[in-house]
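Coordinates in review
What follows is the residue order along each chain.
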Amino acid sequence: MNHKYCLAALLGLLFTTSCSDFLDLTPISEASSGNYYKNASDIESALSGCYSALQDNELYGERLNAMTELRSDNIEDINPGGSGGIFYFIDKFTVTSGNDVIRSVWKGLYNQIYRCNNVLAFSNVIADEGLRRRYEGEASFLRALAYFNVVRLWGDAPLILEPISAQDAVKYGRDPVIEIYAAIEDDLKQAMDKLEPTLPDDELGRATSVAAAALLGKVYLTEQKWPEAVDLLDGLISAHGSQYGLLEHVADVFSVDNEMNKEILFAVRWSKSIVGEGHSAYNDYFRDDKTLMDNGLKDAYEDTDERRALIEYKQVDSNNNVIAKYYDTFDPSTSTVGFDIPLLRWADVLLMAAEAHNEVAYDGSQEGVAMKYLNEVRRRAKASEYDVATLSSQESFRAAVLLERRLEMPFEMHRWFDLVRTDTAIEAMAKVGLTITKEDYLYPLPKTEVDLVNDPAKFPQNPGYN
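Notes on the structure follow. What you see is a predicted model; the values in this text were computed from it and never measured.

Parameters at a glance
- Residues numbered from 1 in each chain as written.
- Predicted model: local features only at pLDDT ≥ 70, side-chain atom pairs only at ≥ 80, totals over all residues.
- Heavy atoms only, no water.
- Buried < 20%, exposed > 50% of the residue type's maximum accessible area, 1.4 Å probe, protein only.
- Helix = DSSP H or I, 4+ residues; strand = E, 2+ residues; numbered from the N terminus.
- Pairing = 2+ DSSP bridges.
- Phe/Tyr/Trp six-rings, centres within 6.5 Å; stacked < 30°, edge-to-face > 60°.
- Axes fitted to C-alpha atoms, helices over the stretch in contact; angles between N-to-C directions.
- Parallel < 35°, antiparallel > 145°, perpendicular 65-115°, else oblique.
- Left-handed = near helix turned anticlockwise from the far one by under 90°.
- Contact = heavy atoms within 4.5 Å.
- Expected span 1.5 Å × (residues − 1).
- Polar contact = N/O pair within 3.5 Å; in protein donor to acceptor, adjacent residues only side chain to side chain.
- Salt bridge = Lys/Arg side-chain N within 4 Å of Asp/Glu carboxyl O.

Topic: the pairing of strand β2 (residues 264-268)
Burial within β2 is extensive, with five of its five residues counted as buried. Pairing between β2 and strand β6 (residues 341-345): four bridges, direction antiparallel. Paired with V268 across the bridge in β6 is I341.

Points about the pairing of strand β5 (residues 320-323)
In terms of strand pairing, strand β4 (residues 313-317) meets β5 through four bridges, oriented antiparallel. Opposite Y313, over in β5, you have I323 as the bridge partner. Hairpin connection, β4 to β5: the antiparallel pair is bridged by two residues.

Observations regarding the packing of aromatic side chains
Applying the stated rule across the entire model yields 14 aromatic pairs. With 6.2 Å between their ring centres and 15° between their planes, Y244 and W346 make a pair best called stacked. Separated by 102 residues along the polypeptide, Y244 in the loop between α10 (226-240) and β2 and W346 in helix α12 (residues 346-360) bring together distant segments of the chain. Both residues of the pair, Y244 and W346, belong to the buried class.

Focus: the packing of helix α3 (residues 63-70) against helix α5 (residues 100-122)
Running from N to C, α3 and α5 point in directions that differ by 120°, and their axes come no closer than 9 Å. The angle between the axes of α3 and α5 places the two elements in the oblique class. For the pair α3 and α5, the crossing hand works out as left-handed. Residue-level inspection shows R63, L64 and M67 of α3 in contact with α5, the latter providing D100, V101, I102, S104 and V105.

A few points about helix α2 (residues 40-52)
Between the first and last C-alpha of α2 there are 18 Å, a value that for 13 residues agrees with the 18 Å anticipated at 1.5 Å per step. Those residues of α2 not exposed but buried are D42, I43, A46, L47, S48, G49, C50, Y51 and S52. Structurally, the start of α2 carries an N-cap: the backbone nitrogen of S41 is 3.1 Å from a side-chain oxygen of N39.

Describing the pattern of salt bridges
This model, assessed by the stated rule, comprises 45 salt bridges. For E58, the salt bridge identified is with K107, shortest N-O distance 3.1 Å. Taken together, the residues E58 in the loop between α2 and α3 and K107 in helix α5 connect sequence positions 49 residues apart. The class for K107 is buried, based on a relative accessible area of 15%. When the shortest N-O distance is used, the salt bridge between K92 and E76 registers 2.9 Å. Of this pair, K92 sits in the loop between α4 (86-91) and α5 while E76 sits in strand β1 (residues 75-77), and the two are 16 residues apart along the sequence. Using a relative accessible area of 30% as the deciding quantity, one classes E76 as partly exposed.

Structure representation (structure tokens):
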């Protein structure tokens, strides 16, 4: 498998059309019913399709980024007429259930889930037990990632854990959030058990047990399972802190010459030198002609903080000025760029651990583990370290961690989810001139899906939308 996600896999083509928009499923056929899967090579092709889904414009290629970054206080859309306003309405909290961005991200996530379900359902055709477990672990990780996005964006949603037909899809209602999180946790525990912590260089980019543990830690924080998060993240740091860790300079984390370095636990990968594997253009939400960065974010950095330079715009050509974090030059042979987008990295693990420890019990000590983790991230950035005189309470420490997450990981699709799970979104958006309510914490379900199911009892629209 080309681990920059070579997209020529047959299964990636099988799942692109549908007789029903719901879940974007292909009708059951000789190819998709399980008769297609005969050996390990077939499952490998199917797994390649699971990874390739991440690159799609419906997901991290463009639109999932918009539903997270544009929704946050990091940037705003400055092009109200672009694409009929579908991105502008997301930014301004005036989005409706007919918005095409919402519909396409829903479709993209459930398409990825469908692909993962096929790998897990038919992996028994693999004779090699070790290889079978590995492929199952990777598919479990990717399915958990998809459902984690689904539940955070929409709340209650269909929980589908096996291959189904498009006709059967409309029979599913919205399952409770608690059941979806239970499935996510189970998938990630399966991935932790079946995957290795590191990979050889020619396989970098695939899921590992460390990536699964980090994602489970984020799930626990979202569920406010603080003791479970502490145990998991402390164990992760203790067991794998010598294999993974912070780079000396934060800019090196995003260097296109050093992608998949020891700080990156999982990223969506691209390669500009391979036709069909690069970005066709710079993602609009990293370009200064499409978005306006919040001055509050810029001003929050100290003068010595090296992370400030990563959100400065850097000119690539006459038409593109992109933030330095995602700077890359166009490949003349493909006319694309190839920067990766990290989804999980070691700095995130340290900040999650600091947050979890503080929520379990405020330490009040300069030598406490929460302060240690927080200052480790700040020290690397050349920012001044915190002390207990400044962070003298659980509340002040909580606010410092939330701010640090914003400074460390802007434009990495964390900020909006952080604001929602900490219930600080209303206050944060007020600072940028937007009045929202808790109904805005979730998006509307796509109108196409509500109309298709046509049963308000089992598939109701989210409150505040029609």
